[in-house]
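# Geometric and topological summary
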Amino acid sequence: MADDELRDGVSAATDEMASALLGRALDVLAVGEELHVLLALGDEAGEVSSFEFADDGPEECLEGARKKAAAAGASVVRAALAYRGAIADEAGAYQDAVILEFGERGYHSYSAFSLVDVTGDEDTFGWTEPEPAGEVAPLL
């Protein structure tokens, strides 16, 4: 589907699935575990399948997750993926973040991020509310 044919917006079901995936990613980091690339795929009936990509380097895992989403069958209507990355601030310094990409079949896909202060201790782990980061290539 051409980019100009894609619709705008995100359904409540996609928002909920993406938010849950972001929460899972933050929980992993809060307890000091390594965050691998996480992928969630949802079908029209509301069933969600989750995948973790950890057997290669970060870029290869991210590429593998995107390929799995793109190859999902027609019954999969929403996708979200979360991974650890970095976001440049106004001064050009990079800060640790969890990056989230999400979208629906036939719609534009979007990204967001939450800055994190990974300490390995749940009591001192810090994160910011998610902020939008713009459009990304469609996941489905």
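Attention in this report is confined to the structure presented alongside it. (Residues numbered from 1 in each chain as written. Predicted model: local features only at pLDDT ≥ 70, side-chain atom pairs only at ≥ 80, totals over all residues. Heavy atoms only, no water.)

## Observations regarding the overall build of the protein
- The secondary structure content of the protein amounts to two helices and seven strands.
- Each helix and strand of the protein, ordered N terminal to C terminal, gives the series α-β-β-α-β-β-β-β-β.
- Its C-alpha radius of gyration of 15 Å places the protein within 12% of the 14 Å reference for a compact globule of 140 residues.
- Considered along the principal axes of its C-alpha atoms, the protein spans approximately 40 × 30 × 30 Å.
- The long-range share in the protein, meaning contacts at least 24 apart out of those at least 6 apart in sequence, stands at 54%. (Helix = DSSP H or I, 4+ residues; strand = E, 2+ residues; numbered from the N terminus. Rg over C-alpha atoms; globule rule 2.2 N^0.38 Å. Contact = heavy atoms within 4.5 Å.)

## What to know about the nonpolar core
- Core analysis: the largest hydrophobic core is formed by 21 residues, its most contacted members being Leu21, Leu35, Val98, Leu100 and Phe102.
- Listed by contribution, the elements that provide at least two residues to this core are α1 (12–30), β1 (37–43), β3 (76–88), β4 (94–104) and β5 (109–117).
- Residue contributions to this core peak at nine residues, all from α1.
- Leave out the neighbours within four places in its chain, and Leu100 touches Ala18, Leu21, Leu22, Leu81, Ala82, Tyr110, Ser111 and Ala112.
- Judged by nonpolar contacts, the second largest core, of 17 residues, contains Val37, Cys61, Ala79 and Tyr83. (Core = buried A, V, L, I, M, F, W, Y, C linked by side-chain atoms within 4.5 Å. Buried < 20%, exposed > 50% of the residue type's maximum accessible area, 1.4 Å probe, protein only.)

## A few points about the pattern of salt bridges
- Using the criterion set out here, one finds three salt bridges in the structure.
- Of the charged contacts in the structure, one is a salt bridge between Lys67 and Glu63, with a shortest N-O distance of 3.0 Å. Of this pair, Lys67 and Glu63 both sit in helix α2 (residues 58–70), separated by four residues, roughly a single helical turn.
- For Arg84, the salt bridge is made with Asp96, and the minimal N-O distance between the two is 3.2 Å. Pair noted here: Arg84 is in strand β3 and Asp96 is in strand β4, with a separation of twelve residues, a long-range link.
- Overall, Arg84 belongs to the partly exposed group, its relative accessible area being 39%. (Salt bridge = Lys/Arg side-chain N within 4 Å of Asp/Glu carboxyl O.)

## Side note on α1
- Counted at 1.5 Å a residue, the expected span for α1 with its 19 residues is 27 Å, and the 26 Å between its end C-alpha atoms agrees.
- When we look at burial in α1, the residues that qualify are Thr14, Met17, Ala18, Leu21, Leu22, Ala25, Leu26, Val28, Leu29 and Ala30.
- On its buried face, α1 sits against β1, β2 (48–53), β3, β4, β5 and β6 (126–127).
- One or two residues past the end of α1 sits Gly32, with phi positive at roughly 85°. (Expected span 1.5 Å × (residues − 1).)

Purely geometric stuff here, so don't read any function into it on its own.
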